[in-house]
Every structure is written in C-alpha cells, then in structure tokens.
Amino acid sequence: LKAKRLLFSCDGGPTRALIFARSTGRVYFTRGTEGNLFRYDPEKGGAPERLDAKLGLRAATHETPSGAVYTVSQEGEATLWRFDTKSEKAESLASAVIGSQTYVAALDADPTGRFLYYVPGADSGSARDGAPVVQFDVQEKRFKVIAFLYPFFREKVGYIPVGTFSLAVAPTGDKLYVTWNGSFGAMRG
C-alpha cells in the first residue's frame, strides 16, 4: 500500500475471507469457502502457492499470541478450524452449530487466543434460537452461550436481533461488539 502498486493479480482468488499472519506477513485464502489453502508471501512475490492444508474459511480471527488463526466454514454444517501459521497445518476443532442455525459469518478471538466468540444465524435466523452469543474455549473445546438476546431486546426496546456479519472483541478482552441486523417489529426470515 505504501508504494501504491499492485503486487499480484490472478483468477480464482479469495471468495469471502482471508487469513493474515501478522508474524510473517503472509496471506492465506481458499478458492471458494472451503478447500485447499493458498499462500501469498509478499517477501517472495509471484503466484500464490497451493498448500496441503484444507479448511473452511467464511470468517477468520486475527493471529493469536500462539500463532493460531481460527476460522469457521460456510459449507454444510459450520465448523470451527485452527490454522497454525508456523507449521501451516489446519485442524478441525468442532461443529459451530448449537441450535438450528448453521451459518456463522463473523468470528473473533479474545486477546489471549483462548476464547472464540460468534453468533449463529448470520443471515436473519439468529432469533429463532434466541439470538445466542457463543463463547468457545479452544483449550477445553467447550461451548458456552453467554447471552440470549431474543426475546430480551424485543421485550425491553422492541428490537429483534436477527443476525450479524460483523463482531469484534475489544483489545482489552472485556467487551464484545456486535453489529446486529434486525428490526423493530415483526421477526423476518
């Protein structure tokens, strides 16, 4: 960006999300939302290299202190994945589905990298399961719903949270920010 020049362009690039390894400057992507990872290394330049690692990549976290990036797949049942930026190996962790909703479009990790946060039902279905905000402990591989926001917000202020495509954990780890899609009125979707 500093030089304001294009480094590389090709067909079949990233579809929905990228993995950025801050430690190396490398960028990883899948063609589509699931499959083999491709690595672009700005130090080497040239075409992206296909890796043996496979994972689902609808959304990704930042690189954690341990060098892991966590992702969630979009195809079929949403699955949580761990990608190690040092070894470039991917590991399936668990299904992200906790109710009827299988679409997760946003995922973030706390500053320690131990806890992941997400909201199932990104595309207007979250309220069907109570608009849950989910925490996943990557060490224990255990889920915890930390809040059900429906029907609470409907009863308090008349708002129905139906999903999100964006959420972020504060750098201090003490807050979770969610940009909700929703409505004041009847539940849609």
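Description of the structure in this document. In this convention, every chain numbers its residues from 1, walking through the sequence in written order. Since the coordinates come from a predicted model, pLDDT governs what is reported: local features require at least 70, and pairs of side-chain atoms require 80 or more to be given and counted, while whole-chain, interface and lining totals use all residues. Calculated side-chain values reflect all of the structure's heavy atoms, with hydrogen atoms and water omitted.

1. Examining the pattern of salt bridges
Whenever a carboxyl oxygen of Asp or Glu lies within 4 Å of a side-chain nitrogen of Lys or Arg, that contact is scored as a salt bridge. Counted by the stated rule, this structure contains twelve salt bridges. E91 serves as the salt-bridge partner of K141, at 3.6 Å between the closest nitrogen and oxygen. Here K141, found in the loop between β11 (132–137) and β12 (142–148), pairs with E91, found in strand β8 (residues 89–95); they are 50 residues apart in sequence, far enough to count as distant. Exposure remark for E91: the relative accessible area of 31% places this residue in the partly exposed category. A salt bridge links D174 to K175; the nearest nitrogen and oxygen atoms lie 3.1 Å apart. Burial classification: accessible surface area is computed with a 1.4 Å probe over protein chains only, and a residue below 20% of its type maximum counts as buried, one above 50% as exposed, and the rest as partly exposed. Residue classification places K175 among the partly exposed positions, given a relative accessible area of 43%. Counting from the N terminus, the helices are the DSSP runs of H or I reaching at least four residues and the strands are the DSSP runs of E reaching at least two.

2. Here's the deal with the sheet that holds β12
Any two strands with at least two DSSP-identified bridges between them are counted as paired. A sheet is described by the order of its strands in space; here four strands give the open sequence β9-β10-β11-β12, paired in antiparallel fashion. The sheet is open, and its two borders are formed by β9 (107–109) and β12, each paired with just one other strand. Across this sheet, the average inter-strand angle for adjacent strands is 25 degrees, counted without regard to direction. With three bridges connecting them, β9 and strand β10 (residues 115–118) associate as antiparallel partners. In the sheet register, L107 faces β10, and the bridge partner there is Y118. A fitted line through C-alpha atoms serves as each axis, taken over the contacting stretch for helices, and the angle formed by two N-to-C directions is quoted from 0 to 180°.

3. Digging into the side chain of Q101
Relative to the helices and strands, Q101 is located in the loop between β8 and β9. A relative accessible area of 13% means that Q101 is categorised as buried. In terms of polar contacts, Q101 uses its side chain to reach the side chain of S100, at 3.1 Å. Residue contacts are defined here by distance: any two heavy atoms, one from each residue, within 4.5 Å place the two residues in contact. Not counting the four nearest positions on each side in its chain, Q101 is found in contact with P120, G121, G125, S126, R128 and D129. Polar contacts here mean pairs of N or O atoms no more than 3.5 Å apart (in protein, one a potential hydrogen donor and the other a potential acceptor; neighbouring residues in sequence count only if both atoms are side-chain atoms).

4. Details of the layout of surface pockets
Taking a probe equal in size to a water molecule and rolling it over the atoms shows the remaining empty space. Both cavities and pockets are sets of points on a 1 Å grid over the protein atoms alone; in a cavity a 1.4 Å probe fits but cannot get out, in a pocket the set is open with protein on both sides within 12 Å along at least five of seven lines, and lining residues sit with an atom within 4 Å of a point. Grid points are joined across faces, edges and corners, and a volume is the space filled by probe spheres set on the points. Within this model, the largest pocket holds a volume of roughly 450 Å³. Lining the largest pocket are 17 residues, with L6, L7, F8, V27 and Y40 sitting closest to its centre. Ten residue types, Ala, Val, Leu, Ile, Met, Phe, Trp, Tyr, Cys and Pro, are classed as nonpolar, four, Asp, Glu, Lys and Arg, as charged, and the remainder, Gly among them, as polar. In terms of residue class, the lining of the largest pocket is made up of twelve nonpolar, two polar and three charged.

5. Examining the pairing of strand β6 (residues 68–72)
Among the five residues that make up β6, five are buried, leaving the element largely enclosed by the rest of the structure. As paired elements, strand β5 (residues 59–60) and β6 share two bridges and run antiparallel to each other. Paired with A59 across the bridge in β6 is V72. Across five bridges, the pairing between β6 and strand β7 (residues 79–84) is antiparallel. Within β7, the residue paired with T71 across the bridge is W81.

6. Remarks on the nonpolar core
For soluble globular proteins, the rule of thumb is that nonpolar side chains tend to be buried together. Buried Ala, Val, Leu, Ile, Met, Phe, Trp, Tyr and Cys residues that are joined via side-chain atoms within 4.5 Å together make up what is termed a nonpolar core. With 17 residues, the main nonpolar core has V72, L80, L107 and L116 as its most contacted residues. Mapped onto this core, the elements with two or more residues apiece are β6, β8, β9, β10 and β11. In terms of residue count, β6 provides more of this core than any other element does, three residues in total. Beyond its immediate sequence surroundings of up to four residues, L116 is in contact with T61, Y70, L80, L107, D108, A109, V134, Q135, F136 and V138.

7. A word on unusual backbone geometry
Omega for the peptide link from Y150 to P151 comes to 15 degrees, which places this bond in the cis form. Considering the arrangement of structural elements, one finds P151 in the loop between β12 and α1 (152–157). A positive phi angle is found at K4, which is not glycine, with a value near 55 degrees. Along the chain, K4 falls in the segment before β1 (19–21). Positioned with a positive phi, S124 is a non-glycine residue whose angle comes to about 75 degrees. Counting through the fold element by element, S124 comes out in the loop between β10 and β11. Judged by its relative accessible area of 27%, S124 is partly exposed.

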